[in-house]
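Residues per chain are reported as follows:
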Amino acid sequence: SQWRCTAAQAASLGLPRSLDMALKALGAPIEKAKTGTRLINLFCKPQKDGRRVFPEDAPEKWEQFLDYNFDDVIGEQWIDQRLPPLSDEEQKVYELDGLLNSRGIPVDVDLAKRAIAQVRDIDERLQLRCLELTGLKASQRDKVLDWLQTKGCKIETLDEQSIEGELKKDHPARVLEVLELRLEVARAGVKKLTTMLDCVGEDGNLRGTHLYHGASTGRWSSLRVQVHNLPKGKEKDQERTIQYVEDGILHELTRPLSALSKSIRGFLRARHVFLCADYSAIEARVLAWLAGEEWLLRAFRNGEDPYCIMASAVFGRPITKADEFERFIGKQLVLGCGYGMGPPKFIMSCAKWGVSVLLPFSKKSVYAYRDKNKKIVGYWKAIEKAACAAVTTGKSQRVGVIRFFVKDIWLFCELPSGRCLAYPYPEVHPKMTPWGEPTEELSFMGMWKNKWLRETTYGGKLVENITQAVSRDIMVTGMQNAERDGFPIVMTVHDEVISDTPFGDDLEEFIRALIRLPRWAQGLPINAEGFRSERYVKR
């Protein structure tokens, strides 16, 4: 509560979190010394032989290191004076972030150690088998790829999707086995176990995993173990794999490393009991509320199935939950097309779930969504027009509960909570649409693959930013409610909130805390579903 963080300030204003890049982005007359990383590695990390370098071992470099740290302080002071502080409300969110990170996520350390020991044994067997078949270790990616190609396998890369595709083809048994071996040893999820143990504290808790304002919308992202990016395995498969690890017979599973990779969540084990709650279709609900799409709001309020209603509009007949394919299409439309997704991308969206649709049907489905959701489609255009007008005129522009205005180097988008999304150095330029019509294009400076670049945006993307930001503000309120009601939060993953509490019978009370709306969101039909679990799992 006494801490004020310039990295948090910068991130909340759409600026780089790196001190060096933030200074450059703001045009500061201060530049970080290029030798900093080298000096940090020298004095702050053990050398390859495990030895530590002390000041007396390299006195000249130590003086350089002191100067480097002094320059960093000057740089942070400059940024602190240049940027406005976090609002009182956001400071509380930053403090909540500190609470989550200091509390930590409990890890089943003993089970993780047993799993890693078994993984080493399995990996050794797989590598030896690959040596027998090819003369190569399965971990030698490029050489294994070359070997496969010389055997008639036309694979171009060894990612999971490509290997799975080749395994379905009529290759010789030897080639198929090598593909299986490569797929197993490359499982990134298994490496998370080692990272987990490297990062866990003496009390068995994993700390420092959440990054405040990790996304431009204000949502958290992950550090270290990347809890936001854990593989999604089935609950029954996870239970089975965990049991095999406990019994010391992981090797008896088919594709044991793949099974373990998909069960990493299970190594997060509650001290008491996990209460896990997931906001139900929160973005679709928030978008309908922002745009005033009444049929969708009514469906959510009345407990009707919006996916079936949407599917009925596509197929021209009443659709029920028994119509699995048709409802799937309706669900993908409601959850995926709210930000301007076109037919080609809709095809890819369905393919991720193993469902193949052709372009004519995709066009029919997407256009049915747009015809059914005219308020949402109109909202894209209204938001884009308001954002551009705020930049070109310098005057505040309002669309419903959203307000755009320009101040200093930012285009601000004020949300109903009072928090603002920030777009640094906005510009508007004329351009032609693919249909030859004149229009305007909004751009701003932002981070893209660790580079500070100018990027363009459009109505659907702005609406996506706004919807995700409002959803985040609702979730933050719910987390704060839960903390006040005695449910200690240990983790948040996308739209999910997890508490480790001795009050395992109070799931409904936990959910009620999460969906208790702030004053500014009255009328928004919010809901959440949850479950109790000894281990973290995806349901």
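Residues numbered from 1 in each chain as written. Predicted model: local features only at pLDDT ≥ 70, side-chain atom pairs only at ≥ 80, totals over all residues. Heavy atoms only, no water.

Undergrad: Would you mind showing me how to read the overall build of the protein here?
TA: The secondary structure content of the protein amounts to 21 helices and 15 strands. Computed over the C-alpha atoms, the radius of gyration of the protein is 26 Å, within 12% of the 24 Å expected from 2.2 N^0.38 for a compact globule of 539 residues. Based on the C-alpha atoms only, the size of the protein along its principal axes is roughly 70 × 70 × 55 Å. A burial count over the protein gives 50% of its 539 residues as buried. Sequence-distant contacts, at least 24 apart, represent 62% of the contacts inside the protein between residues at least 6 apart. Split by element, the accessible area of the protein, about 27,400 Å² in all, is 51% carbon and sulfur. Taking the 79 positively charged and 74 negatively charged side chains of the protein as two groups, their mean positions are separated by 4 Å. (Helix = DSSP H or I, 4+ residues; strand = E, 2+ residues; numbered from the N terminus. Rg over C-alpha atoms; globule rule 2.2 N^0.38 Å. Buried < 20%, exposed > 50% of the residue type's maximum accessible area, 1.4 Å probe, protein only. Contact = heavy atoms within 4.5 Å. Areas by Shrake-Rupley, 256 points an atom, 1.4 Å probe, with all protein chains shown as cover. Lys, Arg positive; Asp, Glu negative; His and termini not counted. Charge placed at Lys NZ, Arg CZ, Asp CG, Glu CD.)

Undergrad: Explain the sheet that holds strand β6 (residues 397–399) here, please?
TA: Strand-to-strand pairing in sheets goes through backbone hydrogen bonds, with the strands running parallel or antiparallel. Spatial strand order, β6-β7-β8-β9: four strands in an open sheet with antiparallel pairing. If you trace the sheet from one side to the other, it starts and ends with β6 and β9 (420–424), each paired once. Taking each pair of neighbouring strands and ignoring which way they run, the sheet shows an average axis angle of 20°. Taken together, the five bridges between strand β8 (residues 410–414) and β9 define a ladder with antiparallel strand orientation. For F412, the partnering residue across the bridge sits in β9 and is A422. Packing against the sheet, helix α19 (residues 374–393) makes contact with β6, β7 (402–407) and β8, and its axis sits at approximately 20° to β7. Packing against the sheet, helix α20 (residues 459–484) makes contact with β7, β8 and β9, and its axis sits at approximately 145° to β9. (Pairing = 2+ DSSP bridges. Axes fitted to C-alpha atoms, helices over the stretch in contact; angles between N-to-C directions.)

Undergrad: What's the story with the pairing of strand β14 (residues 496–501) in this structure? I'm lost.
TA: Successive residues of a regular strand alternate their side chains across the two faces of the sheet. Buried residues dominate β14, accounting for six of its six residues. Across four bridges, the pairing between strand β13 (residues 489–493) and β14 is antiparallel. Looking at β14, one finds that V493 is bridged to E496. Taking the residues between adjacent antiparallel strands as the criterion, β13 and β14 are bridged by two residues, where H494 takes a positive phi near 55°.

Undergrad: Where do I start with the packing of aromatic side chains in this structure?
TA: Two aromatic rings are characterised by how far apart their centres lie and by the angle between their planes. All chains considered together, the criterion is met by 12 aromatic pairs. Consider the rings of Y94 and Y212, whose centres lie 5.6 Å apart with planes at 85°: the pair is edge-to-face. Within this pair, whereas Y94 is found in helix α5 (residues 88–103), its partner Y212 is found in the loop between β3 (210–211) and β4 (221–222), the two being separated by 118 residues in sequence. Each member of the pair, Y94 together with Y212, is buried. The ring of W295 has K372 sitting right over it, with the charged end atom 4.8 Å from the ring centre. (Phe/Tyr/Trp six-rings, centres within 6.5 Å; stacked < 30°, edge-to-face > 60°. Lys NZ or Arg CZ within 6 Å of the ring centre and 35° of its normal.)

Undergrad: What's the story with the packing of α5 against α20 in this structure? I'm lost.
TA: Where α5 contacts α20, the axes come no closer than 11 Å and their chain directions differ by 60°. In terms of orientation, α5 lies oblique with respect to α20. Classified by chirality, the crossing of α20 by α5 is left-handed. Here E90, K92, V93, L96, L99, L100 and R103 of α5 come into contact with α20, specifically with R472, V476, M479, Q480 and E483. Among the residues making up the contact of α5 with α20, the classes are represented as six nonpolar, one polar and five charged. (Parallel < 35°, antiparallel > 145°, perpendicular 65-115°, else oblique. Left-handed = near helix turned anticlockwise from the far one by under 90°. Nonpolar A, V, L, I, M, F, W, Y, C, P; charged D, E, K, R; others polar.)

Undergrad: Is there a simple way to explain empty space enclosed by the protein in this structure?
TA: Taken as a whole and assessed by the stated rule, the structure comprises one cavity of 30 Å³ or more. By volume, the largest cavity is sized at about 60 Å³. Taken together, E283, A284, L287, L296, V334, L335, G338, Y339, Y369 and I376 make up the lining of the largest cavity. The set of elements that each furnish at least two residues to the lining of the largest cavity consists of α13 (282–291) and α16 (324–336). If you tally residues by element for the lining of the largest cavity, the top one is α13, at three residues. (1 Å grid on protein atoms, 1.4 Å probe; cavity = no way out; pocket = protein on both sides within 12 Å on 5 of 7 lines; lining within 4 Å. Points joined across faces, edges and corners; volume = space filled by probe spheres on them.)

Undergrad: Looking at this structure, I do not really get the state of the cysteines. What am I missing?
TA: One covalent bond between the sulfur atoms of two cysteine residues makes up a disulfide. Applying the stated rule across the entire model yields zero disulfides. You can see C337 has no disulfide; the closest cysteine sulfur is in C350, sitting 8.5 Å from it. Not part of a disulfide, C413 finds its nearest cysteine sulfur in C420, a span of 7.5 Å. (Disulfide = S-S within 2.5 Å.)

Undergrad: What is the right way to read α13 from this model?
TA: What sets the pattern is the α-helix's 3.6 residues per turn: residues three or four places apart point alike. The buried count for α13 comes to 10 of 10 residues, which makes it a mostly enclosed element. Among the residues of α13, I282, E283, A284, R285, V286, L287, A288, W289, L290 and A291 are the ones counted as buried. Contact partners of the buried residues in α13: β5 (269–279), α14 (294–301), α16, α19, β7 and α20. Directly beyond the C-terminal end of α13, a positive phi value near 75° is found at G292.

Undergrad: Is there a simple way to explain the pattern of salt bridges in this structure?
TA: Close approach of charged atoms lets side chains of opposite charge pair. Using the criterion set out here, one finds 32 salt bridges in the structure. In this structure, E326 and R317 form a salt bridge, with 2.9 Å as the shortest nitrogen-oxygen distance. With a relative accessible area of 14%, E326 lands in the buried category. Assessed through its relative accessible area of 36%, R317 is described here as partly exposed. (Salt bridge = Lys/Arg side-chain N within 4 Å of Asp/Glu carboxyl O.)

Undergrad: I would appreciate a short explanation of the nonpolar core in the present structure.
TA: What tends to happen in soluble globular proteins is that the nonpolar side chains get buried as a cluster. With 82 residues, the main nonpolar core has Y379, I383, I402, F404, I466 and F510 as its most contacted residues. Looking at this core, the element that brings in the most residues is α20, giving 10 residues. Once you skip the residues sitting within four places of it in the chain, I402 turns out to touch L290, Y379, I383, Q397, C413, E414, L415, P416 and I466. Core analysis: the second largest hydrophobic core is formed by 58 residues, I105, V107, L158 and V245 among them. (Core = buried A, V, L, I, M, F, W, Y, C linked by side-chain atoms within 4.5 Å.)

Undergrad: Looking at this structure, how should I read the side chain of S258?
TA: Positionally, S258 belongs in helix α12 (residues 256–261). You can call S258 buried: its relative accessible area is 3%. Leave out the neighbours within four places in its chain, and S258 touches E184 and R187.

Undergrad: It is not clear to me how the layout of surface pockets should be interpreted in this structure. Could you clarify?
TA: Where empty space is left in the structure can be found by rolling a water-sized probe over the atoms. As a volume, the second largest pocket reaches approximately 1,000 Å³. Forming the boundary of the second largest pocket are 33 residues, of which G214, A215, S216, T217 and M447 lie nearest the centre. Going through the elements one at a time, β9, β11 (438–448), β12 (451–457) and α20 are the ones with two or more residues in the lining of the second largest pocket. Considering every element that reaches the lining of the second largest pocket, the biggest residue donor is β11, with five residues. Partitioned by chemical class, the residues of the lining of the second largest pocket number 14 nonpolar, 13 polar and six charged.

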